[in-house]
Amino acid sequence: MKVYMISSSGREQLLRILTPGDYEGVNTLLGAMAQDIFIDSITDTEVCLLRKKDFTALLSRTPQLALKLLELYAQRMADTENQTRFLTMENVETRLATYLQALSLQFSPSSHLTLPMKMKDLASYLGTTPETLSRKLHNLEDKEIISRKGRKLRILSPSGLNELAEN
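Conventions and cut-offs
- Residues numbered from 1 in each chain as written.
- Predicted model: local features only at pLDDT ≥ 70, side-chain atom pairs only at ≥ 80, totals over all residues.
- Heavy atoms only, no water.
- Helix = DSSP H or I, 4+ residues; strand = E, 2+ residues; numbered from the N terminus.
- Buried < 20%, exposed > 50% of the residue type's maximum accessible area, 1.4 Å probe, protein only.
- Contact = heavy atoms within 4.5 Å.
- Areas by Shrake-Rupley, 256 points an atom, 1.4 Å probe, with all protein chains shown as cover.
- Lys, Arg positive; Asp, Glu negative; His and termini not counted.
- Charge placed at Lys NZ, Arg CZ, Asp CG, Glu CD.
- Pairing = 2+ DSSP bridges.
- Axes fitted to C-alpha atoms, helices over the stretch in contact; angles between N-to-C directions.
- Salt bridge = Lys/Arg side-chain N within 4 Å of Asp/Glu carboxyl O.
- Core = buried A, V, L, I, M, F, W, Y, C linked by side-chain atoms within 4.5 Å.
- Phe/Tyr/Trp six-rings, centres within 6.5 Å; stacked < 30°, edge-to-face > 60°.
- Lys NZ or Arg CZ within 6 Å of the ring centre and 35° of its normal.

Engineer: Mind showing me how you'd approach the overall build of the chain here?
Structural biologist: If you tally the helices and strands in the chain, you get seven helices and six strands. Going from the N terminus to the C terminus, the chain shows its helices and strands as β-β-α-β-α-α-α-β-α-α-β-β-α. By principal-axis analysis of the C-alpha atoms, the chain measures approximately 55 × 40 × 30 Å. Taking all 167 residues of the chain together, the buried fraction comes to 32%. For the chain, contacts bridging at least 24 residues in sequence account for 56% of all contacts bridging at least 6. Within the structure as shown, the chain displays about 10900 Å² of accessible surface, and the carbon and sulfur contribution to it stands at 55%. Taking the 21 positively charged and 20 negatively charged side chains of the chain as two groups, their mean positions are separated by 4 Å.

Engineer: I would appreciate a short explanation of the sheet that holds strand E5 (residues 146-149) in the present structure.
Structural biologist: Backbone hydrogen bonds hold the strands of a sheet together, and the pairing may be parallel or antiparallel. Read across the open sheet, the three strands follow the order E4-E6-E5; overall the sheet is antiparallel. Since the sheet does not close on itself, it has two edges, and those belong to strand E4 (112-114) and E5, each with one partner. Between one strand axis and the next, the sheet turns through 20° on average, direction left out of account. Relative to strand E6 (residues 152-155), E5 runs antiparallel, the two sharing four bridges. Looking at the pairing, Lys 149 lines up with Lys 152 of E6.

Engineer: I'm lost on the sheet that holds strand E2 (residues 12-17) in this one. Help?
Structural biologist: Spatial strand order, E2-E1-E3: three strands in an open sheet with antiparallel pairing. Each having just a single partner strand, E2 and strand E3 (38-40) make up the two edges of the open sheet. On average, each strand axis in the sheet is tilted by 35° relative to the strand beside it, whichever way the strands run. Across five bridges, the pairing between strand E1 (residues 2-6) and E2 is antiparallel. From the neighbouring strand, Val 3 faces E2, where its bridge partner is Arg 16.

Engineer: How should I be thinking about the pattern of salt bridges in this particular structure?
Structural biologist: A side chain with one charge may pair with a side chain of the opposite charge, provided their charged atoms come close. Considering all chains together, one arrives at nine salt bridges under this definition. Shared partners join several salt bridges into a network, and the residues in it are Lys 2, Glu 12, Lys 120 and Asp 121.

Engineer: Can you walk me through the nonpolar core in this structure?
Structural biologist: Of all hydrophobic cores here, the largest spans 26 residues; its most connected members are Tyr 99, Leu 100 and Leu 126. Within the residue set of this core, elements represented by two or more residues are E2, helix H4 (92-106), helix H5 (119-125), helix H6 (130-142), E6 and helix H7 (158-165). Once residues lying within four places of it in the same chain are set aside, the contact partners of Leu 100 are Leu 113, Leu 115, Leu 140, Ile 146, Leu 153, Ile 155 and Leu 161. Leu 29, Phe 55, Leu 59 and Leu 69 belong to the second-largest nonpolar core, a separate cluster that totals six residues.

Engineer: What am I meant to see in the packing of aromatic side chains here?
Structural biologist: The description of an aromatic ring pair uses the distance of the two centres, along with the angle that the planes make with each other. On inspection of all chains with the given rule, the structure shows two aromatic pairs. Seen from their ring centres, Tyr 4 and Phe 38 are 5.7 Å apart, and the 25° between their planes marks the pair as stacked. One end of the pair, Tyr 4, is in strand E1; the other, Phe 38, is in strand E3, with 34 residues separating them in the sequence. We classify Phe 38 as partly exposed; its relative accessible area is 38%. Ring geometry for Tyr 99 versus Tyr 125: centroids 5.8 Å apart, planes at 65°, classification edge-to-face. With Tyr 99 in helix H4 and Tyr 125 in helix H5, this pair connects stretches of sequence that are 26 residues apart. Of the residues examined, Tyr 125 reaches a relative accessible area of 12% and is grouped as buried. Looking at Arg 76, its charged tip hangs above the ring of Tyr 23, at a distance of 4.5 Å from the centre.

Engineer: What's the story with the environment of Phe 38 in this structure? I'm lost.
Structural biologist: Separated by 23 residues in sequence, Phe 38 and Leu 15 have C-alpha atoms that sit 9.7 Å apart. Beyond its immediate chain neighbours, meaning those up to four positions away, Phe 38 contacts Lys 2, Val 3, Tyr 4 and Ile 6.

This is the structure we're talking about:
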């Protein structure tokens, strides 16, 4: 599922992709005001709904769950900070290289990656257009930093990717 906001100009800003086992809506369960956040299913999805009173009772009975939830919430905040950092980088190629490095590390460094979202969603996540993202991916292929077939990607030159991420 994709979690996104709509800007005042009507542009979709992807916040995160939810994968099996992920959660959304904890802010509301913990008493925060609902935000203008939208969620769309991008594949067949099963959803579990939890009422606030049931959630509160569960946390009271299971302190370890409360601690794990805090840990997951802290990671989500760190991910949000990383995305904010992406969006403040002026160069789209730098944003893309930084994202690919983080994705590689997420899978216990691996040179073989599968992009977890469609190109239009990745473009939104990185704060660019699908056309610009496509050009930047082609540039990385031309420089022999990556090879790509659809959403399957292989990092050919980790040092080249690192150099771009540091710009």
